[in-house]
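# Inside the fold
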Amino acid sequence: MNLDELMTVWKSQDAAPLHDVNKTLLHLALRQDEAKLQKKRRRDRWIVYVFGAGVVASMAVFFAMMIYFRGHRPERVVTGWDLALPIVGAAAALLAGGAMYVGHRAQARREQRFGESLRDQLNRSIAQLDDRATQAHATLASVLLGGIGGTAILLLGYRVNEKPFSDDGYMLVSTILICVVLPVAAGVWDVRRQARDVVLPRKRRLEALLKELDGQE
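One structure accompanies this document, and this report is about it.

### Some points on the overall build of the chain
From N to C terminus, the chain includes 7 helices and 0 strands. Scanning the chain from its N terminus toward the C terminus, one meets helices and strands in the order α-α-α-α-α-α-α. Across the 217 residues that make up the chain, the buried fraction comes to 39%. Carbon and sulfur atoms provide 62% of the accessible area of the chain, an area that totals close to 12,500 Å².

As structure tokens, then:
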């Protein structure tokens, strides 16, 4: 029986809900739910780390190409912006990884305050749901990686192919909008939707369980 099934049993009770719900099963369900969340957190962090490393590597290649063009291809006009873009893109990727790491460490410290009792497990789960409801570090990482890093890659791709931005400005803006802005906006919207429709209702149920547990002891 998972946590949602136990919630259904609890909601069906008319009185003293936790009296008939096996507390051992509830504790186990909370642990299983936490294990799934930790697995998802690790996956999300590694996605950001790997994608960020890829962006940094791409920016290093672009920067080296611009330096080469400037020193060995006098017919290629390399501006200060051409050198600044890969630096900005790499910095955004590093900041994205840093935001994920700092957010993870801060949340881990918050969760370490709780012990292993049922009450502490409920409080830990509520703290985890609070973190999921905000997801500030994940949103920042998405904007930095997808927004700034993605835009830098597209712009540098144009410059490497000797296409001035002014020659195909409409297509460039459309590409950035479709490939960068819309996916980032969709990801941020989905985080907010999940918080409203899934995370907050579950948090309220856990808070009600915790209140009921306090009332019985």
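### Some remarks on the layout of surface pockets
Computed from the structure, the largest pocket encloses a volume of approximately 790 Å³. Contributing to the lining of the largest pocket are 32 residues, with Lys40, Asp44, Gln135, Ala138 and Val191 lying nearest its centre. The set of elements that each furnish at least two residues to the lining of the largest pocket consists of helix 3 (23-72), helix 4 (80-111), helix 5 (118-134), helix 6 (136-160) and helix 7 (169-216). Of the residues contributing to the lining of the largest pocket, the split by class is 14 nonpolar, 10 polar and 8 charged. Volume-wise, the second largest pocket comes out at about 170 Å³. Mapped by element, the contributors of at least two residues to the lining of the second largest pocket are helix 3, helix 5 and helix 7. Here the lining of the second largest pocket gets 6 residues from one element, more than from any other, and that element is helix 3. Of the residues belonging to the lining of the second largest pocket, the class tally is 4 nonpolar, 2 polar and 6 charged.

### Digging into the side chain of Gln107
Relative to the helices and strands, Gln107 resides in helix 4. Of the polar contacts made by the side chain of Gln107, one reaches the backbone oxygen of Ala127; its length is 3.3 Å. Residue contacts for Gln107: discarding those within four places in its chain leaves Arg41, Ala127, Gln128 and Asp131.

### Thoughts on a nonpolar patch on the surface
Together, Leu177, Ile178, Val181 and Leu182 line one region of the surface with nonpolar side chains, adding up to about 360 Å² of accessible area. As for its placement among the helices and strands, Val181 is situated in helix 7.

### A short note on the nonpolar core
With 22 residues, the main nonpolar core has Val48, Met59, Met66, Ala96, Leu145 and Leu156 as its most contacted residues. Within the residue set of this core, elements represented by two or more residues are helix 3, helix 4 and helix 6. Residue contributions to this core peak at 8 residues, all from helix 6. Those residues within four positions of Met66 in sequence are excluded, and the remaining contacts are Val78, Asp82, Leu83, Leu156, Arg159 and Val160. Grouped together as the second largest cluster of nonpolar side chains are 13 residues, Leu30, Leu118, Leu122 and Ala195 included.

### Quick word on the environment of Met100
Of note, Met100 is situated in helix 4. Of the residues examined, Met100 reaches a relative accessible area of 5% and is grouped as buried. C-alpha of Met100 to C-alpha of His137: the two residues are 37 residues apart in sequence and 5.5 Å apart in space. In contact with Met100, not counting residues within four places along its chain, are Asp44, Arg45, Val48, Tyr49, His137, Ala138 and Ala141.

Rules used in this analysis
- Residues numbered from 1 in each chain as written.
- Predicted model: local features only at pLDDT ≥ 70, side-chain atom pairs only at ≥ 80, totals over all residues.
- Heavy atoms only, no water.
- Helix = DSSP H or I, 4+ residues; strand = E, 2+ residues; numbered from the N terminus.
- Buried < 20%, exposed > 50% of the residue type's maximum accessible area, 1.4 Å probe, protein only.
- Areas by Shrake-Rupley, 256 points an atom, 1.4 Å probe, with all protein chains shown as cover.
- 1 Å grid on protein atoms, 1.4 Å probe; cavity = no way out; pocket = protein on both sides within 12 Å on 5 of 7 lines; lining within 4 Å.
- Points joined across faces, edges and corners; volume = space filled by probe spheres on them.
- Nonpolar A, V, L, I, M, F, W, Y, C, P; charged D, E, K, R; others polar.
- Polar contact = N/O pair within 3.5 Å; in protein donor to acceptor, adjacent residues only side chain to side chain.
- Contact = heavy atoms within 4.5 Å.
- Patch = residues over 30% accessible without salt bridge, like charges linked within 9 Å, V, L, I, M, F, W, Y side chains within 5 Å.
- Salt bridge = Lys/Arg side-chain N within 4 Å of Asp/Glu carboxyl O.
- Core = buried A, V, L, I, M, F, W, Y, C linked by side-chain atoms within 4.5 Å.

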